[in-house]
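Below are the chains, spelled out letter by letter.
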Amino acid sequence: MAVSRRNLCQISLLASLGAIALSAAIAAAQRPADPAPPTEQLQFFESQVRPILETACFKCHGAEAKIKGGLRLTSRAAILKGGDTGPAVSLDQPAKSLLLKAINYKDDDLQMPPKEQLPKEKIAVLTRWVEMGIPWTPGAPEPIATTTEPPAKHAPPKVTPETMKFWSYQPIRRPPVPQVKDASAIRNPIDNFIFSKLEASGLQHAGPAAKATLIRRAYYDLTGLAPKPEEVDAFIADKSPNAYDKIIDRLLTSPQYGEKWGRHWLDVVRFAETNSFERDGLKPNAWKYRDYVIDAFNKDKPYDQFIREQIAGDEVEHPTPETIIATGFYRLGAWDDEPSDKMQARFDELDDIVTTVGQGFMGMTMNCCRCHDHKIDPIPQKDYYSLVAFFNNITPYQNGRNILTDIVPDDQQKSHEEEVQSLARRKEDLRKRVAAFEDLVIPKLTETEKVDLEKPRKRAAILDAKILAATNEDELRRYKELRLQLKELEERKESDYPQALSVKEIGNKPVQTFILKRGNASSPGEEVEPAFPQVLSPPKVILPAPKKGQKTTGLRTQLANWLTSDQNPLVARVVVNRLWEHHFGRGIVRSPNDFGFGGDKPTHPELLDYLATELVARGWHLKAIHKLIMTSAAYQMSSTPNEAALSKDSQNDLFWRFDMRRLTAEEFRDSILQATGQLNLKMGGPGIYPTIPATILSGQSKPGEGWGKSSPEDAARRSVYIHVKRSLVVPIIAAFDAADTDFSCPARFTTTQATQSLMLLNSDMMNDEAKAFANRLKKEAGASPEAQVKLGLRLALSREPTQDEIERGLTFMQTLKTKYNTAPEVALNQFALLVLNLNEFVYLD
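Here's what I pulled together on the structure shown here.

Describing the overall build of the protein chain
A tally of helices and strands in the protein chain yields 35 helices and 6 strands. Dimensions along the principal axes, computed over C-alpha positions, put the protein chain at roughly 120 × 80 × 75 Å. Taking as baseline every contact in the protein chain between residues at least 6 positions apart, the subset at least 24 positions apart corresponds to 68%. As presented, the protein chain carries roughly 41,700 Å² of accessible surface, and 54% of it is formed by carbon and sulfur atoms. Looking at charge distribution, the protein chain has the averaged site of its 110 positive side-chain charges lying 1 Å from that of its 111 negative ones.

Have a look at this one:
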């Protein structure tokens, strides 16, 4: 192979460099190693020197810091190597070391730390350390830079005074309300916080929204439904100064408020009624938890009480059916009924609980340190397992009674037992009376008839015919009535039997909890005690001795009390951020489940703390915060843009206008049913089963399994009551970005896909709803096409249509009839379908 002169030169150079490197390595190996420092010196370094370096030096000279002056203080070798001005420490002349010169402020050009000199006692510690020859723990990992900014990748931050200064870990303090130059648009203190930032940025906020726009916004935000046309008319006509306030007050007392805001909470707690995995089996009575949530929002239950009931509702002094149902929170996660590793699956179950509590209540991604220290936040792995310890006594999920609790109040227990026994006697009596009729004819059946009798579809017809032949029509009617009564009793719904999906514990003595190395259930390490995350400066967990007859440890009560105490800086911030998120389309913190280093910083931190302090001051009542937010000028702005603001703040971080949003999947389906006049506002009870196309059901291993059939009336109930089966989602709900039920869902993303448009135009469901809408228009508007078009637009858009819009609708129908020979009835159906596809119907301004 020919080799060029250039390649020969490169080969020669590489050989020379290799020889030099090898010689250096040999020389280094032959040098005697530094003797290991005495144990007392290493203890001095770890206990006194390292803490000073971490808090005072590593921000500028740490492993992951933006290194100043080329100097790292992260190892003995790095210190001796020094930076731009030479070695930081001289072993030959310690007193002349640059490090000591800098910390003693002996040179105006070399003063470290630069902002404030260290206290004399810390200078003395570092001086003594230098005089010792800067002993360093052999093999110690390089310290991590401590900063309130997110650290670099692969640099788990430690819990230090510096990291504890991060904004979300600080106690909540009520900020002063800022002043603004132009207070003419101010409605309440929220506006001061918003407008002061806009003034500082030189941005002009949008003007107020039109009344028709505002009432539609308020209705959807509080109830998830559109206002009726007459309600819009009345609001527009009401010129009183408190007209809008009256609307808000009325909506907050509407039963539909709980359905709307309960659905938001169900997203947070990964609500589903089945277990996922291969069989995706039913979670018995999970719907009762859904009803509990809706009822809690409607009653304006204080949020701190709402949390305590879900975390430890079974441990309150006097548990009620309501507080027991609340603990169904623990049983909502996915569950593998046939795991390959049962011990690992057990810790997967506990991880689901820790994840949901951490993210849902505190905005902390505790789950990120199941296998190691958190890579971004100052949460050590030990903190994760210390939180696991609060839940380790919970009985594992399984099919059976260990997940169900009787919820009959003590004073009703006796009557309930009597009722159960009475039902059993009634069923036994009916079985005997039905059997008496059937015994008349079954012995006389032919062999073929006996075979057919085992087929459910043929059984009734055979018996009816034979009993009629053996008796008469009156006796046959009596037999059918008895058979129907027996069927109704045997198919009696679970709601008639008061049990709740709930938490239970294995006893009142806490089981041992260990750190699992690399998250492996088969590799236990250090034992841990129940404790709260260190970075929040929490109190120590002190568990009282169990009382006589106590069935649980009481640890969950300790957790619930700390979560809702003034010692926890996160819970109030997180929930008011969620309220803001669902009113404005995004939170003050855009990452609602992550208030850590890896999350988004608040755009208006003072406003967030103001709302949090207001919540606590108002007894943790969420409705008061709703009204405060919705009566602000910031909320009542229009969505109209202006060029200056768009160019400077295109993401609307400063809330200079109201962001338009698309209706959620549930709002969209409910709005269709509302427009067509079919919406059934019946509340509560077991889930409903809207029709799912056979093509989708065929994708199941057993097509149709686990999906019932509701009557048309029940199927038209609100979407919050749809049975939530993890492996089978109603198509329109799935297509329009429903929550992922496998994990806590912090926010729903809005996707735009071709399949959505295809579904809205071509699906059987949408075309059936269009026909129902058209029938309503004919019934209420009469035979006049113009009246039909006007009513259709008014019902869908919650406003009076313009004459131009009416003309366009009439032209559309007329074109279908004249150009395509479409029948008038079909043309109206197509117009109705068109209206249900309008952007203004699907979007909220």
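As for the packing of helix H26 (residues 665–676) against helix H31 (residues 764–781)
In the contact formed by H26 and H31, the axes pass within 8 Å of each other and the chain directions differ by 30°. When the axis of H26 is compared with that of H31, the two are roughly parallel. Judged by residue contacts, Ile672, Leu673, Gln674, Ala675 and Thr676 of H26 engage Met765, Met766, Glu769, Ala772, Phe773 and Arg776 from H31. For the contact of H26 with H31, the per-class residue count stands at 7 nonpolar, 2 polar and 2 charged.

Regarding the nonpolar core
One finds Trp265, Tyr289, Tyr303, Ile311, Phe361, Phe391 and Trp580 to be the most contacted residues of the largest nonpolar core, which totals 126 residues. For this core, the element with the highest residue contribution is helix H22 (residues 571–584), accounting for 8 residues. Ignoring anything within four residues of it in the chain, the contact list for Tyr289 reads Trp265, Leu266, Val269, Phe271, Gln310, Ile325, Ala326, Gly328, Phe329 and Leu332. If you look at the next biggest cluster of nonpolar residues, it comprises 45 residues, including Ala735, Phe773, Met813 and Phe841.

A few points about the state of the cysteines
Summed over all chains, the structure comprises 0 disulfides. For Cys57, which is in no disulfide, the shortest distance to another cysteine sulfur is to Cys60 and amounts to 8.9 Å. Judged by relative accessible area, which is 14%, Cys57 ranks as buried. For Cys60, a relative accessible area of 22% corresponds to the partly exposed category.

So, the packing of aromatic side chains
Enumeration over the complete set of coordinates arrives at 36 aromatic pairs. Relative to Tyr385, the ring of Tyr384 lies with its centre 4.7 Å away and its plane at 80°, an arrangement referred to as edge-to-face. Neither Tyr384 nor Tyr385 differs from the other in exposure class; each is buried. A cation sits over an aromatic face here: Lys211 above Phe235, 4.4 Å from the ring centre. The ring of Phe329 has Arg270 sitting right over it, with the charged end atom 5.2 Å from the ring centre.

Rules of the game
Residues numbered from 1 in each chain as written. Predicted model: local features only at pLDDT ≥ 70, side-chain atom pairs only at ≥ 80, totals over all residues. Heavy atoms only, no water. Helix = DSSP H or I, 4+ residues; strand = E, 2+ residues; numbered from the N terminus. Contact = heavy atoms within 4.5 Å. Areas by Shrake-Rupley, 256 points an atom, 1.4 Å probe, with all protein chains shown as cover. Lys, Arg positive; Asp, Glu negative; His and termini not counted. Charge placed at Lys NZ, Arg CZ, Asp CG, Glu CD. Axes fitted to C-alpha atoms, helices over the stretch in contact; angles between N-to-C directions. Parallel < 35°, antiparallel > 145°, perpendicular 65-115°, else oblique. Nonpolar A, V, L, I, M, F, W, Y, C, P; charged D, E, K, R; others polar. Core = buried A, V, L, I, M, F, W, Y, C linked by side-chain atoms within 4.5 Å. Buried < 20%, exposed > 50% of the residue type's maximum accessible area, 1.4 Å probe, protein only. Disulfide = S-S within 2.5 Å. Phe/Tyr/Trp six-rings, centres within 6.5 Å; stacked < 30°, edge-to-face > 60°. Lys NZ or Arg CZ within 6 Å of the ring centre and 35° of its normal.

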